[in-house]
Amino acid sequence: MKNIYTFLSLLAALLFLVSSCTVSENNTIIDRTGRTVVINRPINRVISTAPSNTEIIVDLGKAHKLVAVDRHSANIDGIPANLPLLDFFFPDAETIIMLDPDIIIASGHNPTGSGEDPFRLLSEMGIPVVYISMSRSIEDIYLDITFIAELLQAEKEGEKLINYMKAQIAEISQKVSLIENKKTVYFEISAAPLMMTFGRDSFINNMITVIGARNIFENDNWLVTPGAETIIERNPDVILTSVNYIDDPIGEIKNRLGFNHINAVINNRVYLIDNDSSSRPSARVILALRQMLQAVYPKL
């Protein structure tokens, strides 16, 4: 009960502050999902609720502005020590209010876990919340970086980070430009029995294209849950997996019933790709791209 009274007191105090203060500056922005957000003060205290956003903030040199992050961001190099860690889908409102953030940078994934916007009440109380939509291409990642850089007044750093990515991708594209017989690839993000991968309109599919290969599910809609029979039938030359929650993801794939007929398994072309850099749309996808290129075209 004491915690409830504390929370209600904080809530009342913040509502009074929001209703009684004089707004000297009113900045209206459009976030990456198309929402209109009003920001009434300089942004010096930031909460990031997704690891991809946290990585972008760190890579822009603005990690010192972070006052809390989600639990999945805890392993990111460069974040300040001992930051409060928030639940990805159910962030604690009391903790957020006590941290007095200038802005919350959320993800398009946050509302989908519970079926509703977990920051709706905080937004209604006057805490600005901007959403970064789920990136569907490398171009989307550039736009995410640009948006966060402008938000944190780090435009030059944002431009530098994007130029770094473009230079790395241009180098990879040059290496694969003369490939005539493109390898086919199956990229797995969830192991059996519930196998999952990405099709078109995903940055994973875009990355497979960048390395000069073809996704065997390139014509399927965004998130795909294929059956084993479909994977066997499409017979990929190379299998890539980012699964990191079982002991031997490569061995598990090779030992699946019927997978011994797939070229990738026959030729021992099953490889593990770093989970973080392949699942978080930030500049750090370059690491995953390098690993994918090495796996699919080792001679390059």
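Located above this text is the structure these notes cover.
Residues numbered from 1 in each chain as written. Predicted model: local features only at pLDDT ≥ 70, side-chain atom pairs only at ≥ 80, totals over all residues. Heavy atoms only, no water.

Caption draft 1: Local environment of the overall build of the protein chain. Secondary structure summary: the protein chain contains 13 helices and 13 strands in total. Across the 300 residues that make up the protein chain, the buried fraction comes to 47%. Within the protein chain, contacts between residues at least 6 apart in sequence are counted, and of these 64% link residues at least 24 apart. (Helix = DSSP H or I, 4+ residues; strand = E, 2+ residues; numbered from the N terminus. Buried < 20%, exposed > 50% of the residue type's maximum accessible area, 1.4 Å probe, protein only. Contact = heavy atoms within 4.5 Å.)

Caption draft 2: Summary view of the environment of Leu289. Relative to the helices and strands, Leu289 resides in helix α13 (residues 285-296). The exposure class of Leu289 is buried, given its relative accessible area of 0%. Residues Leu289 and Gln168 lie 121 residues apart in sequence; the distance between their C-alpha atoms is 9.4 Å. Excluding residues within four positions of it along the chain, Leu289 makes contact with Ile169, Ile172, Met207, Val210 and Ile211.

Caption draft 3: The arrangement of the packing of aromatic side chains in detail. One pass over the structure, following the stated rule, counts four aromatic pairs. Measuring from ring centre to ring centre gives 4.9 Å for Phe88 and Phe89, while their planes differ by 80°; the resulting arrangement is edge-to-face. Residue class for Phe88 comes out buried when judged on its relative accessible area of 13%. One residue, Lys166, lies across the ring of Tyr142, its end atom 5.2 Å from the ring centre. (Phe/Tyr/Trp six-rings, centres within 6.5 Å; stacked < 30°, edge-to-face > 60°. Lys NZ or Arg CZ within 6 Å of the ring centre and 35° of its normal.)

Caption draft 4: Expanded view of the pattern of salt bridges. In total, this model carries 13 salt bridges according to the counting rule given. Its salt-bridge partner being Arg32, residue Asp140 comes within 3.8 Å of it at the nearest N-O pair. Residue Asp140 is found in helix α6 (residues 138-151), and its partner Arg32 is found in the loop between β1 (27-30) and β2 (36-39); the two are separated by 108 residues along the sequence. Arg280 is the partner of Asp276 in a salt bridge, and the nearest nitrogen-oxygen pair spans 3.4 Å. Salt bridges sharing common partners tie together Arg32, Asp140 and Asp144. (Salt bridge = Lys/Arg side-chain N within 4 Å of Asp/Glu carboxyl O.)

Caption draft 5: Quick look at the packing of helix α7 (residues 155-176) against α13. For the pair α7 and α13, the least separation of the axes is 10 Å and the interaxial angle reads 10°. Judged on the interaxial angle alone, α13 and α7 are roughly parallel. Across the interface between the two elements, Tyr164, Met165, Gln168, Ile169, Glu171, Ile172, Lys175 and Val176 of α7 pack against Val285, Ile286, Leu289, Arg290 and Leu293 of α13. Grouping the amino acids of the contact of α7 with α13 by side-chain chemistry returns nine nonpolar, one polar and three charged. (Axes fitted to C-alpha atoms, helices over the stretch in contact; angles between N-to-C directions. Parallel < 35°, antiparallel > 145°, perpendicular 65-115°, else oblique. Nonpolar A, V, L, I, M, F, W, Y, C, P; charged D, E, K, R; others polar.)

Caption draft 6: Looking closely at the sheet that holds strand β3 (residues 46-48). Pairing is parallel across the open sheet formed by five strands, whose spatial order is β5-β4-β3-β6-β7. At either end of the open sheet lies a strand with only one pairing partner, and these are β5 (85-86) and β7 (129-132). Looking at chain direction, strand β4 (residues 66-70) and β5 are connected through two bridges and run parallel. Each bridged residue has a counterpart across the sheet, and for Asp70 the counterpart in β5 is Leu86. Contacting β3, β4, β6 (103-107) and β7, helix α2 (residues 51-59) runs over the sheet at an angle of about 150° to β4. (Pairing = 2+ DSSP bridges.)

Caption draft 7: Local environment of the packing of α6 against α7. The N-to-C vectors of α6 and α7 enclose an angle of 165°; their axes lie 8 Å apart at closest approach. It follows from the interaxial angle that α6 and α7 lie roughly antiparallel. For the element pair α6 and α7, the recorded crossing hand is right-handed. Packed against α6, whose contacting residues are Ile138, Ile141, Tyr142, Ile145, Thr146, Ala149 and Glu150, the element α7 presents Glu155, Gly158, Leu161, Ile162, Met165, Lys166 and Ile169 at the interface. Across the contact of α6 with α7, the residue classes break down as nine nonpolar, two polar and three charged. (Left-handed = near helix turned anticlockwise from the far one by under 90°.)

Caption draft 8: Examining the sheet that holds strand β12 (residues 238-241) more closely. Taken in spatial order, the four strands of this open sheet run β10-β8-β12-β13, and their pairing is parallel. The open sheet terminates on both sides in strands that have one partner only, identified here as β10 (214-215) and β13 (270-272). Packing against the sheet, α13 makes contact with β8 (184-188), β12 and β13, and its axis sits at approximately 150° to β12.

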